[in-house]
Amino acid sequence: VDSVSLDVPLFRDFPTLSSGHVWLVGAGPGDVGLLTLHALSALQQADVVYYDALISEDILKITSATLIYAGKKAGESCRQDRITQDLIDAARAGHRVVRLKGGDPLVFGRGGEEMQALHAAGIPCRIIPGVTAAQGAAACSQIPLTHRDHNSAVTFLSGHQAETLYGEAWHDIGLRSPLLVLYMGLKNFDKIRLRLLDVGRCPTQPVAFISAATTPQQKTVFTTLGDSLTVWPHLSGPTIIMIGEGVVGANQG
Ligand code: SAH
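Residues numbered from 1 in each chain as written. Predicted model: local features only at pLDDT ≥ 70, side-chain atom pairs only at ≥ 80, totals over all residues. Heavy atoms only, no water.

A closer look at the sheet that holds strand 7 (residues 180-183)
Line of reasoning, step 1. Taken in spatial order, the five strands line up as 6-7-10-8-9 in an open sheet, and their pairing is mixed. Looking at the sheet topology across the chains shown, the edges are occupied by strand 6 (155-158) and strand 9 (219-224). Shown here is a sheet whose adjacent strand axes are inclined to one another by a mean of 20°, direction ignored. (Pairing = 2+ DSSP bridges. Helix = DSSP H or I, 4+ residues; strand = E, 2+ residues; numbered from the N terminus. Axes fitted to C-alpha atoms, helices over the stretch in contact; angles between N-to-C directions.)

Considerations on the site of the ligand
Line of reasoning, step 1. What surrounds the ligand is a group of 17 residues, the closest being Asp104, Val107, Thr132, Ala133 and Thr239.
Line of reasoning, step 2. The backbone of Asp104 places a nitrogen or oxygen atom 2.8 Å from an oxygen atom of the ligand.
Line of reasoning, step 3. A total of 540 Å² of accessible area belongs to the ligand in isolation, and the protein chains cover 89% of it.
Line of reasoning, step 4. Structurally, the ligand is housed in the largest pocket. (Near = heavy atom within 4 Å. Polar contact = N/O pair within 3.5 Å; in protein donor to acceptor, adjacent residues only side chain to side chain. Areas by Shrake-Rupley, 256 points an atom, 1.4 Å probe, with all protein chains shown as cover. 1 Å grid on protein atoms, 1.4 Å probe; cavity = no way out; pocket = protein on both sides within 12 Å on 5 of 7 lines; lining within 4 Å. Sits in = over half its atoms within 2 Å of the grid points.)

Things to note about the layout of surface pockets
Line of reasoning, step 1. Here the largest pocket is characterised by a volume of approximately 1300 Å³.
Line of reasoning, step 2. If you go around the largest pocket, you meet 47 residues; those closest to its centre are Leu54, Phe108, Gly109, Met184 and Pro238.
Line of reasoning, step 3. For the lining of the largest pocket, the secondary-structure elements that each account for two or more residues are helix 4 (79-92), strand 4 (97-101) and strand 10 (239-243).
Line of reasoning, step 4. Its residues assigned to classes, the lining of the largest pocket comprises 22 nonpolar, 16 polar and nine charged. (Points joined across faces, edges and corners; volume = space filled by probe spheres on them. Nonpolar A, V, L, I, M, F, W, Y, C, P; charged D, E, K, R; others polar.)

A word on the packing of aromatic side chains
Each aromatic ring pair is described using two quantities: the centre-to-centre distance and the angle formed by the ring planes.
Line of reasoning, step 1. Per the counting criterion, the structure on display carries five aromatic pairs.
Line of reasoning, step 2. Judged by centre distance (5.2 Å) and plane angle (70°), the ring pair of Phe11 and Phe14 falls under edge-to-face. Here Phe11 matches Phe14 in class, with each residue buried.
Line of reasoning, step 3. Summarising the aromatic geometry, the rings of Phe156 and Tyr183 are spaced 5.8 Å apart at their centres and angled 55° between planes, so their arrangement reads as tilted. Here Phe156, found in strand 6, pairs with Tyr183, found in strand 7; they are 27 residues apart in sequence, far enough to count as distant.
Line of reasoning, step 4. The exposure class of Phe156 is partly exposed, given its relative accessible area of 32%. (Phe/Tyr/Trp six-rings, centres within 6.5 Å; stacked < 30°, edge-to-face > 60°. Buried < 20%, exposed > 50% of the residue type's maximum accessible area, 1.4 Å probe, protein only.)

Describing the environment of Leu175
Line of reasoning, step 1. If you trace the backbone, Leu175 turns up in helix 7 (residues 169-176).
Line of reasoning, step 2. When the C-alpha positions of Leu175 and Val199 are compared, they lie 6.1 Å apart, and in sequence the two are 24 residues distant.
Line of reasoning, step 3. Excluding its chain neighbours within four sequence positions, the residues that come into contact with Leu175 are Trp170, Val199, Gly200 and Arg201. (Contact = heavy atoms within 4.5 Å.)

The following block contains the structure:
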């Protein structure tokens, strides 16, 4: 991939990443093949790339820009402000800046906050969408995100602060959404699971854990809401958890 030229017809009408601009770029869930052509073009035009923890080595190899790690580190609570300020400073210094985020930049990745801060600072910015982890997980475990027999709605939720985040809405979302897709849900899963059972979700409802989706380490485990406790502690890595009647593996349905 590193020898793709932007001077071929396919790329000729693509936007130019100008000096002093920041692009928030989605890197997809891990597999290099799931980068968009716009993301590829952005990586090849950038002078500097601020990347997150979940970005794979293979994707970072595509760019010859200066790579700066901008993921969270334990114990650094104001890290987000620092990252945002670094993006602003790099743009003001005249660099062509890519902020590379896992999945889609506007899904649970604080991309929205970074975009607002860039707007407030008067820095021109563009969003390059990416394949979000839910889509990668659905594809690699062959679980449809919508299916006429099961669900015509799907809910993406964050498992962080599961107890407080949804307040009153928790009951309706938890009980009525036919397919729940949990991001960052592994740590709090037992609490979330009990909450779902508590509001009346059926214990026999299928659950899938999909870890490291679209990468060689990918792993899918099927269980039910009633007995999830026996499997979830054995999983690690970035994990999507899908809960709903339609959550059945390709060779289980
Ligand atoms: N912006 C990202 C999400 C960032 S939040 C996106 O659109 O996908 C980080 C969470 O995403 C992880 O805790 C995990 O729940 C999920 N995730 C990211 N990459 C994943 C992968 N390859 N497989 C499974 N889950 C993943």
